[in-house]
Amino acid sequence: MHAARVRVRLRAVAFMVVSLVLVAPSVASAVPRPSLDPFYAYTGSTPLEDIAPGTVLQTRTVPYHLAGVKSRIQAVQILYRSTGILGNATTNVTSILKPPTRRANVPHVIAYGSFYDSLNRNDQPSYAIAGGVTFGGLVNTIEAVLIAPFLNRGYTVAVADTQGQEANFAAGPEYGMNTLDGLRAAFGAPETGITDAAKVGLYGYSGGAIATEWAAELAPEYAPDVNARLVGAAMGGVLVKPSTNLHYVEGSQFWAGVMPMAIIGAARSFRVDLKQYLSPYGERVYERMKDDSIADVLGRYPGLTWKKLAKPEYPEPEDVPIYVEKVNQLIMGSRGTPTIPLYIGQGARGELEGTKGNKPGVGKGDGVMVAGDVRQLAREYCDRGVSVDYRQYNGASHVTAVATWLPASTGWLLKRFTDAPASENCATITPGNSLAPIPQQAG
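Because the structure is predicted, anything quoted here is derived from the model rather than measured.

Enquirer: What exactly am I supposed to notice about the overall build of the chain here?
Expert: Secondary structure summary: the chain contains 15 helices and nine strands in total. Along the three orthogonal principal directions, the C-alpha set of the chain runs to about 60 × 50 × 45 Å. Considering only intrachain contacts with a sequence separation of at least 6, the fraction spanning at least 24 residues in the chain is 79%. Considering the chain, the positive charge centre built from 40 side chains and the negative charge centre built from 37 side chains are found 8 Å apart.

Now the structure itself:
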């Protein structure tokens with residue numbers, strides 16, 4: 001009966017998506033790629049380093065497109081100043097989706113983290129929203145199912161290019177800063193219509209959960225002005241400790257290709273050269289994949305392991321010192337503590353997607369994310385005084401867990417804009433894996 005109710009809810013949401021779209025006579029005309037679009041380039045005379053994070057650099061208004069087709073939703077796109085993982089000044093783009101009908105009693109904002117998961121900047125949400133069509137960017141059309149419930153209730157939805165303009169896949173803290181600065185820009189641009197009284201909820205699954213969690217974690221220190229507006233964060237399928245995930249997915253049948261994707265993204269964001277540690281085969285994979293999206297790699301590298309990618313003198317990733325140094329900086333919970341309630345959902349039957357859950361120190365997951373890591377993050381936040389509602393879906397994989405997570409997380413987050421107390425179950429969350437950094441090797 002429960003599964004039937006979920007299917008009914010998903011069909012209802014899908015119907016809402018269709019109701020938002022006014023199909024144009026023809027697909028939108030060609031849109032210039034971000035690298036060729038002047039909107040994405042900052043040309044001001046003030047050095048970017050001297051501009052405060054979140055500052056609006058320029059804006060434009062475009063129709064919200066789904067697979068290149070115009071809808072009746074308007075999107076205000078903002079080029080703004082943000083920060084890279086190394087603390088460097090960057091520019092980024094966010095798209096502020098205006099609801100079809102504004103309701104006087106719903107002046108609030110949902111910061112939606114997209115799971116576009118790509119090493120190609122042409123797959124970023126802002127390009128798809130403006131009418132660009134790429135294979136990897138079609139994820140943004142699928143995500144309309146997650147966005148529609150909020151728009152139809154009168155909420156404004158902010159969709160940042162969370163990976164930044166270099167497409168730094170898996171660089172978690174950068175996702176968070178891009179999200180927070182995008183919210184600063186949204187409040188700073190009059191075109192968005194967002195009032196000073198508006199509150200913000202963070203929402204994301206999978207790659208979107210990377211943005212959601214890191215934004216919640218970093219906000220108290222990096223963006224206290226935004227933190228004061230936050231009411232809660234709902235996330236599912238969470239990448240907590242990338243080094244554990246690497247061992248979990250290697251050798252798997254469906255998700256193994258995410259391993260080199262994450263290595264490329266981390267190397268790019270930290271500006272380090274990891275190719276020197278790769279085997280000839282690993283170098284070929286690196287070159288072939290450097291502009292791929294997750295849609296390009298899923299299922300295409302069955303059985304891929306670290307040993308196939310690396311030179312023999314580096315039998316484990318932990319044997320590469322620079323990898324250890326950088327990946328330790330990507331562990332969730334290591335840079336701050338959220339001050340808002342959290343809702344966390346996590347699948348634990350990855351066998352449905354070809355990933356075994358029998359590796360020591362790793363255990364079960366949803367096929368790509370490790371349940372023990374997510375559970376332990378929830379426990380540690382509980383110990384720090386955070387209100388956490390953790391839900392583990394023992395019969396669901398990464399993809400199938402969405403059917404349960406979506407209606408529950410949406411309902412939970414909407415309640416955070418009311419006076420209803422946040423649910424929490426800290427006392428019942430069982431211990432998970434260690435989230436301690438990988439020890440640095442001597443010498």
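After that view, the rundown keeps rolling.
Enquirer: Looking at this model, I keep getting lost on the pattern of salt bridges. Mind explaining?
Expert: If charged atoms from side chains of opposite charge come close, those side chains can pair. Under the criterion given, the structure shown has nine salt bridges. As a salt-bridge pair, Arg-184 and Asp-181 come within 2.8 Å of each other at their nearest N and O atoms. Of the two residues, Arg-184 and Asp-181 are both situated in helix H5 (residues 172–188); the distance of three residues between them amounts to about one turn of the helix. This pair shows no difference in class: Arg-184 is buried, exactly as Asp-181 is. For Lys-275, the salt bridge goes to Glu-287, with nearest N and O atoms at 3.4 Å. Taken together, the residues Lys-275 in the loop between helix H9 (258–270) and helix H10 (280–289) and Glu-287 in helix H10 connect sequence positions twelve residues apart. For Lys-275, a relative accessible area of 32% gives the class partly exposed. On the basis of relative accessible area, Glu-287 is assigned to the partly exposed category, the value being 37%. Salt bridges sharing partners connect three or more residues here, namely Asp-181, Arg-184 and Asp-225.

Enquirer: Which parts of the structure should I look at to understand H10?
Expert: One turn of the α-helix equals 3.6 residues, which is why residues spaced by three or four share an orientation. All of the buried residues in H10 are Gly-282, Val-285, Tyr-286 and Met-289. Seen end-on, H10 carries its buried residues on one side only, within an arc spanning 100 degrees. Taken together, the buried residues of H10 touch H9, helix H11 (294–297) and helix H12 (306–309).

Enquirer: I keep staring at the state of the cysteines and nothing clicks. Help me out?
Expert: Covalent bonding between the sulfur atoms of two cysteines defines a disulfide. For the structure on display, the rule yields one disulfide. Shown here is the disulfide that connects Cys-382 with Cys-426, its sulfur atoms set 2.0 Å apart. Linking Cys-382 and Cys-426, the disulfide has an S-S dihedral of approximately -80 degrees and is accordingly described as left-handed. Residue Cys-382 is found in helix H14 (residues 371–383), and its partner Cys-426 is found in the segment after helix H15 (402–415); the two are separated by 44 residues along the sequence. Given the relative accessible area of 14%, Cys-382 is considered buried. Residue classification places Cys-426 among the partly exposed residues on the basis of a relative accessible area of 22%.

Enquirer: Is there a simple way to think about a nonpolar patch on the surface in this case?
Expert: Together, Val-133, Phe-135 and Leu-138 make up a nonpolar patch on the protein surface, roughly 260 Å² of accessible area in all. Among the secondary structure elements, Leu-138 is positioned in the loop between helix H2 (125–129) and helix H3 (139–142).

Enquirer: Which parts of the structure should I look at to understand the environment of Thr-195?
Expert: Following the sequence through the fold, Thr-195 ends up in the loop between H5 and strand S6 (200–205). Under the relative-accessibility criterion, Thr-195 is labelled partly exposed at 37%. Taking C-alpha positions, Thr-195 is 31 Å from Val-238, a pair spaced 43 residues apart along the chain. Not counting chain neighbours up to four residues away, the residues in contact with Thr-195 comprise Pro-107, Phe-187 and Arg-229.

Enquirer: Just to check I follow, could you spell out the pairing of strand S3 (residues 89–97) for this structure?
Expert: The element S3 is extensively covered by neighbouring structure, given that nine of its nine residues are classed as buried. Alternating residues of S3 divide into Ala-89, Thr-91, Val-93, Ser-95 and Leu-97 and Thr-90, Asn-92, Thr-94 and Ile-96, and every residue in both groups is buried. As paired strands, strand S2 (residues 69–83) and S3 are joined by nine bridges and run antiparallel to one another. Among the inter-strand pairings, Arg-81 is bridged to a residue of S3, identified as Thr-91. Here four bridges tie S3 to strand S5 (residues 156–160), and the two strands are oriented antiparallel to one another. Of the residues in S5, the one forming a bridge with Ser-95 is Val-159.

Enquirer: Any chance you could explain the nonpolar core here in plain terms?
Expert: Soluble globular proteins: nonpolar side chains tend toward being buried together. Grouped together as the largest cluster of nonpolar side chains are 94 residues, with contacts concentrated most on Leu-202, Leu-342, Ile-344 and Val-388. Once residues within four sequence positions are removed from consideration, Ile-344 is found in contact with Met-235, Val-238, Val-374, Ala-378, Val-388, Asp-389, Tyr-390 and Arg-391. Grouped together as the second largest cluster of nonpolar side chains are 34 residues, Leu-97, Val-231, Leu-406 and Leu-414 included.

Enquirer: Help me understand the sheet that holds strand S8 (residues 342–347) in this model?
Expert: What holds strands together in a sheet is hydrogen bonding between their backbones, with the strands either parallel or antiparallel. Sheet architecture is open: nine strands sit in the order S1-S2-S3-S5-S4-S6-S7-S8-S9, paired in mixed fashion. Because the sheet does not close on itself, it has two edges, and the strands there are strand S1 (56–66) and strand S9 (388–393). Across this sheet, the average inter-strand angle for adjacent strands is 20 degrees, counted without regard to direction. Sheet topology places strand S7 (residues 230–236) next to S8; four bridges connect them, and they run parallel. Bridge assignment links Gly-236 to a residue of S8, and that residue is Gly-345. Sheet strands in contact with H5 are S1, S2, S3, strand S4 (109–113), S5 and S6, and its direction is about 110 degrees off that of S2.

Each value, and the rule that gives it
- Residues numbered from 1 in each chain as written.
- Predicted model: local features only at pLDDT ≥ 70, side-chain atom pairs only at ≥ 80, totals over all residues.
- Heavy atoms only, no water.
- Helix = DSSP H or I, 4+ residues; strand = E, 2+ residues; numbered from the N terminus.
- Contact = heavy atoms within 4.5 Å.
- Lys, Arg positive; Asp, Glu negative; His and termini not counted.
- Charge placed at Lys NZ, Arg CZ, Asp CG, Glu CD.
- Salt bridge = Lys/Arg side-chain N within 4 Å of Asp/Glu carboxyl O.
- Buried < 20%, exposed > 50% of the residue type's maximum accessible area, 1.4 Å probe, protein only.
- Arc of directions from axis to C-beta.
- Disulfide = S-S within 2.5 Å.
- Patch = residues over 30% accessible without salt bridge, like charges linked within 9 Å, V, L, I, M, F, W, Y side chains within 5 Å.
- Areas by Shrake-Rupley, 256 points an atom, 1.4 Å probe, with all protein chains shown as cover.
- Pairing = 2+ DSSP bridges.
- Core = buried A, V, L, I, M, F, W, Y, C linked by side-chain atoms within 4.5 Å.
- Axes fitted to C-alpha atoms, helices over the stretch in contact; angles between N-to-C directions.

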